[in-house]
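Here is what each chain is made of, one letter per residue.
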Amino acid sequence: MADKQKTHDFPQDLREAQLELHQVQVALAALYKRLPWSVVPLPGWTHTKDNGRFHETERADSPGWNDEERAEVDALRARQLDLSERVVTHDFWTTCDDAPNARAALKHLHDADAPAPRE
């Protein structure tokens, strides 16, 4: 049976692009978590089960995002798109015999370098 943990000789620029892409994705996810739930100001709501709903939900009013927050999201999303494009269209993939498995390996290349989550 073939070894599924085959190592790939990824070029350094591809490794760096993948690492930065991961860092940008983490930064963007963290930013979304701390931003208001709506980009534009919207009133909140409370839905109860007795109104024919399956779940009770509640949201506070959203002040919307300010210009600085929008600019930060726009910059991170643009960088994410640029890095994604760079990784996907890299010349390495034309020389790779098993691109799907190599792509999966590249995505997890830096997992061992990541700090352990704090308890």
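Look above for the structure.
What you see is a predicted model, and the numbers here were worked out from it, not measured in a lab. (Residues numbered from 1 in each chain as written. Predicted model: local features only at pLDDT ≥ 70, side-chain atom pairs only at ≥ 80, totals over all residues. Heavy atoms only, no water.)

Overview of the environment of Asp-61
Thinking step 1. Examined against the element boundaries, Asp-61 turns out to sit in the loop between β2 (57-59) and α2 (67-88).
Thinking step 2. Through-space distance from the C-alpha of Asp-61 to that of Pro-41 is 7.6 Å; in sequence the pair is 20 residues apart.
Thinking step 3. Once residues within four sequence positions are removed from consideration, Asp-61 is found in contact with Trp-37, Leu-42, Pro-43 and Gly-44.
Thinking step 4. At 2.6 Å, the side chain of Asp-61 forms a polar contact with the backbone nitrogen of Gly-44. (Helix = DSSP H or I, 4+ residues; strand = E, 2+ residues; numbered from the N terminus. Contact = heavy atoms within 4.5 Å. Polar contact = N/O pair within 3.5 Å; in protein donor to acceptor, adjacent residues only side chain to side chain.)

A word on the side chain of Gln-18
Thinking step 1. As for its placement among the helices and strands, Gln-18 is situated in helix α1 (residues 12-34).
Thinking step 2. Apart from residues lying up to four places away in sequence, Gln-18 is in contact with Val-87, Arg-103, Leu-106 and Lys-107.

Overview of α1
Thinking step 1. When the terminal C-alpha atoms of α1 are compared, their 33 Å separation across 23 residues agrees well with the 33 Å that a helix rising 1.5 Å per residue should span.
Thinking step 2. Of all the residues in α1, the buried ones are Leu-14, Ala-17, Gln-18, Leu-21, Val-24, Leu-28 and Leu-31.
Thinking step 3. If you follow the buried residues of α1, they end up packed against α2 and α3 (99-107). (Expected span 1.5 Å × (residues − 1). Buried < 20%, exposed > 50% of the residue type's maximum accessible area, 1.4 Å probe, protein only.)

Thoughts on the pattern of salt bridges
Thinking step 1. Scanning the model with the defined rule gives four salt bridges in all.
Thinking step 2. When the shortest N-O distance is used, the salt bridge between Arg-79 and Glu-20 registers 2.8 Å. Of this pair, Arg-79 sits in helix α2 while Glu-20 sits in helix α1, and the two are 59 residues apart along the sequence.
Thinking step 3. For Arg-34, the salt bridge is made with Glu-72, and the minimal N-O distance between the two is 3.4 Å. Here the residue Arg-34 occupies a position in helix α1, and Glu-72 occupies one in helix α2, the gap between them amounting to 38 residues.
Thinking step 4. Classification of Glu-72 as partly exposed rests on a relative accessible area of 32%. (Salt bridge = Lys/Arg side-chain N within 4 Å of Asp/Glu carboxyl O.)

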